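Residues per chain are reported as follows:
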Amino acid sequence: MIGAVEAWPILPAEGRRWDCLALGEVMLRFDPGEDRVRSARNFRVWEGGGEYNVARGLRKTFGRRTGVLTALPDNELGALALDLIGQGGVDASEILWRTYDGIGRSTRLGLNFTERGFGLRGALGVSDRANSAASQIAPDDFDWDRLFGAGGARWLHTGGIFAALSEKTAEAAVVAVQSARRHGVMVSYDLNYRASLWDSHPSPDAARRINQAIVAECDLLFGDEFGLAACLGMDLSTLEPRRTPMDDGPPHAAARAVFETFPQLRAVAYTLREPKSASVNAWQGVLEGRSARWVSTLRPSVELLDRVGGGDAFASGMIEGLLEGGTPQRAVDLATAHGALAMTTPGDNANVSAAEVETAVLGAPALTRR
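Everything numeric here is computed off the predicted structure, so don't read it as measured data. (Residues numbered from 1 in each chain as written. Predicted model: local features only at pLDDT ≥ 70, side-chain atom pairs only at ≥ 80, totals over all residues. Heavy atoms only, no water.)

1. As for unusual backbone geometry
So, step 1. With a phi close to 60 degrees, Asn131 is a non-glycine residue in the positive phi region.
So, step 2. Locating Asn131 in the fold gives a position in the loop between β8 (124–128) and α3 (144–148).
So, step 3. For Asn131, a relative accessible area of 47% corresponds to the partly exposed category.
So, step 4. Positive phi is not limited to glycine here, since Asn192 has a value of about 40 degrees.
So, step 5. Considering the arrangement of structural elements, one finds Asn192 in the loop between β10 (186–190) and α6 (195–198). (Helix = DSSP H or I, 4+ residues; strand = E, 2+ residues; numbered from the N terminus. Buried < 20%, exposed > 50% of the residue type's maximum accessible area, 1.4 Å probe, protein only.)

If you want it as structure tokens, here you go:
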């Protein structure tokens, strides 16, 4: 650690309905297990989404009261997504339901086919999400003052995937974070850059313009130097390139630069990952404050079953650490342990307990429990 600890003015839990609300798309993930998408005969179905996964991790692992702000088609696939969300314990009462036209011409549920990868073969994702119900969410579809005002949420989490879905969702994300900040609600944002989504916007400058407007309202930003350059248009050409994938010098320097550009930002968090293969990664987490910096224990060889969702679990562990009022070191340790454990289970989300996360934080061996 370097420097002093900054205070986070998080609203008290008493009298508030949710500890965290997540604004984003919920998709169905089709997992072929050990097979390839191109040759699979069976798929296991999960629910998932970069923003929703954070709310689910906070609820399922840490027991926080969370909800999701999204839209689903009023058909059997929407009902399936709702059932899966319910299994995760996330409050679905604020979900918007869209009329289904019978073939999905005007609205549908997004699908994501994801291979886990193994050894030399990396993970692979194939999205089928155009015209989804969530991509049509408009700025006035939710009563933001009710959601973030008296009795509402303590924290809002959203991300660049949702913001990039359409011009409407970009506007909705901006309005949401502005409202949350106006009501004193903590705001976190995961840049989660996806060129395939941002490239579809009519304006070539959309990614920089929208992300800058969102980050201007944020307390916590998830992203490394690559995301900061791609999403915020920051000129980081003077930074030395990473000597190794685990070199935290460039992302540290980028975080310093983003603090100068966005004066209200409290912290930047990011992970360091070195894929030795699709099945074994080095893994570490960093939390950068304005006057302090905290780094987790390096895990040089994390064995992976399914790497998808590790970053989202890192985010939920970080938010948990801050919500519980512990030290920033505690927050980054929880985040990194939760992310590592999430990658040992199938699906987008960590199927682990808070006790297992605590054990991983302490570095205890994975002994058989009987």
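2. Quick look at the packing of aromatic side chains
So, step 1. Considering all chains together, one arrives at eight aromatic pairs under this definition.
So, step 2. Geometrically, the ring pair formed by Trp8 and Trp155 is stacked, given 6.3 Å between the ring centres and 10 degrees between the ring planes. Taken together, the residues span a long stretch of sequence, with Trp8 in the segment before β1 (20–23) and Trp155 in strand β9 (residues 155–159) at a distance of 147 residues. Here the two residues Trp8 and Trp155 agree in accessibility, since each one is buried.
So, step 3. Plain terms: the ring middles of Phe222 and Phe314 are 6.2 Å apart, the flat faces sit at 80 degrees to each other, and that makes the pair edge-to-face. Of this pair, Phe222 sits in strand β11 (residues 220–222) while Phe314 is found in helix α10 (residues 310–323), placing the two residues 92 residues apart along the sequence.
So, step 4. Phe222 gets classed as buried once you look at its relative accessible area, which sits at 4%.
So, step 5. Three or more aromatic residues joined by ring pairs make a cluster, and in this case those are Phe30, Phe43 and Phe113. (Phe/Tyr/Trp six-rings, centres within 6.5 Å; stacked < 30°, edge-to-face > 60°.)

3. Details of the packing of helix α11 (residues 328–342) against helix α12 (residues 354–362)
So, step 1. Axis separation between α11 and α12 bottoms out at 9 Å; the angle between their running directions is 110 degrees. Here α12 runs roughly perpendicular to α11, going by the angle between their axes. On α12, the residues that touch Arg330, Asp333, Leu334, Ala337, His338 and Leu341 of α11 are Glu356, Val357, Glu358, Ala360 and Val361.
So, step 2. The residue makeup of the contact of α11 with α12, split by class, is six nonpolar, one polar and four charged. (Axes fitted to C-alpha atoms, helices over the stretch in contact; angles between N-to-C directions. Parallel < 35°, antiparallel > 145°, perpendicular 65-115°, else oblique. Contact = heavy atoms within 4.5 Å. Nonpolar A, V, L, I, M, F, W, Y, C, P; charged D, E, K, R; others polar.)

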